[in-house]
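# Report on the structure
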Amino acid sequence: MESTVSSEAEEYLEEIYRQEKKTGFAKTMELARQLKVVPGSVTNTIEGLERRGLVIHEPYRGIKLTEKGRKIALNVLRKHRLAERLLTDILHLNWSEAHDAACKLEHAIAPDIIKPLEKTLGHPKTCPHGNPIPTKGGGIIEEKSELLTDLKPGEGGIIVKITEERRDMLQYLASLGLMPGTSIEIEEKAPFNGPIMVKARGASYALGHDVASVIWVKKP
Amino acid sequence: MSCHKAFKEIKEKTNLTIALAGNPNVGKSCVFNQLTGLSVVTANYPGKTVEINMGVTTHDGLKIGIIDLPGTYAISAVSDDQWVARRGVLEEQPDVVVVVVDASNLQRNLYIVLQFLELGFPVIVALNLVDYAAKIGLKIDHEKLSKILGVPVVPTVAVRGEGIDELIHAVVDLTQGKLKMERPKITYGRDVETAIETLTEDINETFQEKPYNLPARALAIQLLEGDAEFIDIIRKGQQPQRQKRHRWRGRRPNGDKILQLSAELSREIENRHGEPVGIRIARERHGLTGTIADAVQTKLEQPPLLSEKLKHYTVAPYTGIPLMVLALLGVFALIFYVGGLLSQLVDGFWGSFVSPSIGGLIFSLIRNETLARVILWGVDAGILAWLSVGVPYILTFYIVLSLLEDSGYLNSIAFLMDNIMHKLGLHGRAIIPILTGAGCNVPAIMGTRVLTTKRERILASTLIVLVPCSARTAVILGAVAYLIGWKYAILIYIIEVGLIGLVGWGLHRLLPGESSGLVMEMFPLRRPSVLATIKKTWNRFKDFAFVAFPIVIIGSLGVGALFETGYLWAIVNPMSPLVQGFLGLPAVAGICLILGILRKELTLQLLVALAIVQYGSSASNLLIFMTPLQLFVFALVVTIYIPCVATVAVLGKELGWRNALFIMAFTIILALVIGGIAYRVGPYLGL
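Residues numbered from 1 in each chain as written. Chains lettered and ligands numbered in written order. Predicted model: local features only at pLDDT ≥ 70, side-chain atom pairs only at ≥ 80, totals over all residues.

If you tally the helices and strands in chain B, you get 28 helices and 10 strands. On C-alpha atoms alone, chain B measures out to a radius of gyration of 29 Å, which is about the 26 Å that the 2.2 N^0.38 rule sets for 687 residues. With respect to the principal axes defined by its C-alpha atoms, chain B has extents near 90 × 65 × 55 Å. (Helix = DSSP H or I, 4+ residues; strand = E, 2+ residues; numbered from the N terminus. Rg over C-alpha atoms; globule rule 2.2 N^0.38 Å.)

Another aspect to go through is the overall build of chain A. A count of helical and extended segments in chain A gives 8 helices and 8 strands. By principal-axis analysis of the C-alpha atoms, chain A measures approximately 55 × 40 × 30 Å. When burial is assessed residue by residue, chain A has 39% of its 220 residues classed as buried. The long-range fraction of contacts in chain A, counting pairs at least 24 apart against all pairs at least 6 apart in sequence, stands at 56%. (Buried ≥ 20, exposed ≤ 12 C-beta atoms within 10 Å, placed from the backbone. Contact = placed C-beta atoms within 7 Å.)

Looking now at the sheet that holds strand 4 (residues 156–162) of chain A. The strand order across the open sheet built from 7 strands is 3(A)-8(A)-4(A)-5(A)-6(A)-7(A)-10(B), with neighbouring strands paired in antiparallel fashion. Only two strands of the sheet have a single partner each, and these edge strands are strand 3 (146–147) of chain A together with strand 10 (519–522) of chain B. (Pairing = 2+ DSSP bridges.)

A word on helix 23 (residues 567–582) of chain B. Over its 16 residues, helix 23 of chain B extends 23 Å from the first C-alpha to the last, a length consistent with the 22 Å expected when each residue adds 1.5 Å. Of all the bends in helix 23 of chain B, the largest measures some 55 degrees and sits at Met575 of chain B, one to four residues before the proline Pro577 of chain B. (Expected span 1.5 Å × (residues − 1). Bend = angle between axes of the 7 residues up to and from the residue.)

This brings us to the pairing of strand 5 (residues 96–102) of chain B. Residue and element names in this part refer to chain B. Counting buried positions along strand 5 yields 7 of 7 residues, so the element is predominantly enclosed. In terms of strand pairing, strand 5 meets strand 6 (residues 123–128) through 6 bridges, oriented parallel. In the strand pairing of strand 6, Val98 is matched with Ile124. With helix 4 (residues 106–118) bridging strand 5 and the parallel strand 6, this β-α-β connection has right-handed handedness. (Right-handed = clockwise from strand over helix to strand, strands pointing away.)

Facing the 35 residues of chain B at the interface are 35 residues of chain A. If one sorts the elements of the side of chain B that touches chain A by residue count, helix 16 (residues 409–422) of chain B sits on top with 6 residues. Across the side of chain B that touches chain A, the residue classes break down as 15 nonpolar, 12 polar and 8 charged. Bridge count for strand 7 (residues 203–207) of chain A against strand 10 of chain B is 4 bridges, and the pairing is antiparallel. (Nonpolar A, V, L, I, M, F, W, Y, C, P; charged D, E, K, R; others polar.)

So, on to the packing of helix 14 (residues 317–365) of chain B against helix 16 of chain B. Residues and elements named next belong to chain B. Two elements in contact, helix 14 and helix 16, have axes separated by 10 Å at closest approach and are oriented at 110 degrees. As far as their axial angle goes, helix 16 and helix 14 are roughly perpendicular. Read as a crossing pair, helix 14 and helix 16 show a hand that is left-handed. Contacts from Gly320, Ile321 and Met324 of helix 14 reach helix 16 at Ser412, Ile413 and Leu416. Among the residues forming the contact of helix 14 with helix 16, the class breakdown is 4 nonpolar, 2 polar and no charged. (Axes fitted to C-alpha atoms, helices over the stretch in contact; angles between N-to-C directions. Parallel < 35°, antiparallel > 145°, perpendicular 65-115°, else oblique. Left-handed = near helix turned anticlockwise from the far one by under 90°.)

We now examine the sheet that holds strand 3 (residues 51–59) of chain B. All names here are of chain B. Spatially, 2-3-4-1-5-6-8 is the arrangement adopted by the 7 strands of the open sheet, whose pairing is mixed. Among the strands making up the open sheet, the edge pair consists of strand 2 (41–44) and strand 8 (153–155). Sheet twist, expressed as the mean angle between neighbouring strand axes with direction ignored, is 25 degrees. Here strand 2 runs beside strand 3; their pairing, made up of 4 bridges, is antiparallel. Paired with Asn44 across the strands is Glu51, a residue of strand 3. On top of the sheet, helix 2 (residues 28–35) reaches strand 1 (16–22), strand 3, strand 4 (62–68), strand 5 and strand 6; it is set at about 155 degrees to strand 4, its chief contact. Contacting strand 1, strand 3, strand 4, strand 5, strand 6 and strand 8, helix 7 (residues 164–175) runs over the sheet at an angle of about 145 degrees to strand 5.

Residue and element names in this part refer to chain B. This prediction gives chain B a mean pLDDT of 85; 94% of its residues lie at or above 70. Confidence drops under pLDDT 50 across residues 242–246; counting only partners more than four residues distant or on other chains, this segment forms 3 contacts. Scored as a complex, the prediction yields pTM 0.76 and ipTM 0.78. (pLDDT = per-residue confidence, 0-100.)

Attention now goes to the environment of Leu261 of chain B. Residue and element names in this part refer to chain B. Tracing the backbone through its elements, the reader meets Leu261 in helix 11 (residues 255–273). Judged by the 18 C-beta atoms lying within 10 Å of it, Leu261 falls in the partly exposed class. Sequence spacing of Leu261 and Leu223 is 38 residues, and the spatial spacing of their C-alpha atoms is 10.0 Å. Other than its neighbours up to four places away in sequence, Leu261 contacts Leu199 and Asp202.

Next up on the list: the packing of helix 19 (residues 454–466) of chain B against helix 27 (residues 645–655) of chain B. Packed helices, taken two at a time, are described by their axes: the angle between them and the distance between them. Residues and elements named next belong to chain B. In contact at an axis separation of 11 Å, helix 19 and helix 27 are set at 175 degrees when each is read in the N-to-C sense. With respect to helix 27, the axis of helix 19 lies roughly antiparallel. For the pair helix 19 and helix 27, the contacting residues are Arg457, Ile458, Ser461 and Val465 in the first and Thr647, Leu651 and Leu655 in the second. Of the residues belonging to the contact of helix 19 with helix 27, the class tally is 4 nonpolar, 2 polar and 1 charged.

This part takes up the environment of Thr289 of chain B. Residue and element names in this part refer to chain B. Following the sequence through the fold, Thr289 ends up in helix 12 (residues 277–296). Given 21 C-beta atoms within 10 Å, Thr289 falls into the buried group. Once the C-alpha coordinates of Thr289 and Leu651 are considered, the two residues, 362 residues apart in sequence, prove to be 43 Å apart. Not counting chain neighbours up to four residues away, the residues in contact with Thr289 comprise Gln107, Leu110, Tyr111 and Leu114.

It is a general feature of regular strands that their side chains alternate between the two faces of the sheet. All names here are of chain A. Where strand 4 lies against strand 5 (residues 183–189), 3 bridges are found, and the strand directions are antiparallel. In the strand pairing of strand 5, Ile158 is matched with Ser183. Taken together, the 4 bridges between strand 4 and strand 8 (residues 215–218) define a ladder with antiparallel strand orientation. Across the sheet, the residue bridging to Lys161 is Trp216, located in strand 8.

Take a look at the structure:
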């Protein structure tokens, strides 16, 4: 099934997919910021998308894609990342310029152009920035990760994402060096869902259960 | 005192000022204590609980003011302590920032050093804990570190005072221009650097004077990091509050354009790297500190230290929980018994030596007998109330708290208790002050300073007020356990624990704001230093001593005046429907309750005294005067209602009078409701 939505809706779905992956939910304000529109028009468009069964808006939490919406989003993302490849590999644009240009180009790539495009580019697996390109069927190899709270003492891994929405908390954790890419090891777990003691960058920290349960790690 | 005023005073009376900064628990206060005497001034910003300590030292005839900033991992504005540390240096503009660094964890400790360098402050690094670093096999080439950072680096062992003279020497040399050092520029990755440069240019064009005289580059980084405070300053295009007086020369700069540009640049970087610029910059700083640390330190493999193993036992559930129970019981027993013993000594000494001579003196000086009696309430009963609570309990508690904090064991307890305290909207750290409340509420409320937000402090203080202190325990034991059976005394404690749980649970839901997630460093266990313990205890005790004293005396005088002039009856009579009708107590109990505000154990003593007045000496057995149910309700009400005057004084000082009044009103209502229920349910419980 190919997408039959407007290019505006495509942009929205793609951005919702990105934010959902990062923080679990997409937010109206953040969508407005990224898509450079006013929050009011985001609300309108989201309502429209919701009526068509592409997204679910949970009050006070945020916006999530439905299975149908996710398929379209991945398809757009596939075109976006292929377009980026085209712009950098064939047209020799800068990586930094490629992203914005690809945002416009992606909507103009008709389904029948994708195949020859892929072939010309040599069936790339990732975009120039290193993110995976979804396959035709909408499959994407996403990194497998586990919640820090699911690990046992002695186990460890590398932080892949922190699905925390409060900027202050993220920045605070970052100042300690607790950020994606940092390797972290569980030293001790307090009983009954208590805090978790971790070792990272040579120091020990106690993280409350609520903090630890937004940190995703990839075991080696 | 407000920070602004304190800064001004210290600037006026010193030749130069230095600010001490650094991560928590790196020995920063040790350095501070080594440099300063006992005369330490504590100041805070309105609405913030984090304090700044200030002191003065002399070196080579120079008077040097020292500002001890709160220990933080970074200086952004993402938490209260960071906000205070940053505002402190920005406002005070010290001549040198001495960053105390933990040599055993250089990588993370250098992060804040980079931030200070970025802000353009003259920096000296005190490489502290070099002895501990050596113990775990770390050797640091401090000269190389100095060269890389372009700032003087002085190795210190602050606990023993080693390197402190060299440090102050370096400060003086640096400010007098004797040390010329080339400062290498800290550069970020290309993307971030381009954004910073673009923004710096724009800021330089728009702003002739920079807020807080910061370099444009520092401002650019703050804006890219999304720092709310600086964004606000730029948006308003005006100087921060304190500098408002000197207006912008010429036209008001238009900050909106800069903010737009900064948002645009941030978005670009975010899209490219898949993470916010703030995180990106933090990542690059960590990368940089990691490279620097690797370049200057050599690590030898060492077997794990005993303290490391010990720390493990304190947090592992099977050993940690029994250890914690023992430790908490120990703390409780120490405060209860040692405090109680000292309190008795003070009481005894006062009663047999001081009180009679004060009485004699006042009656010989003041002819008016009523007035003399009123004054006696203030200077005799009042000072005694202050002494017998203040000195024994508060001093003992502060020594214990300081030892727990400095050894690092407090964090182990916090780790184990976090889960339970979380249900009440608090952190694990709150357990210590709450337990202390069972000795005396006053130091317990002051002890809530270990909590970080105002919300947590209000929550914890309200709960502490409900913890029966030793004086209330005396009433429960004397009136209930002794006269009607220990089972009912235990029932009162069960009711109290239930109330604390319920109130905590309810307040947690009612108070605006949410409980902040726990992120706490677990320090290696260390032996606390005697000097640090004494100074810390004294600095904290001083606060109570001077703040509570006048309030306790005035409160005592007020109650005394009411009693001696007979106006007390005028208050008691309208109260009688409540006391007699609702609580089912004899009307005179109302007087006891009012006078009990002075000291809770007075309620029982007065009750006995009033009973004797009414029924003769046989009434010293209160059961002739009151039924078991009445005694039970009385003890229950005494335990819950309005805290004693010393506690009220501290509540007002620590949380502000509005919150203190709220807690007072709340406990009175709670006591009446619970007492009223007990009076009606009691008969079914065999009372």
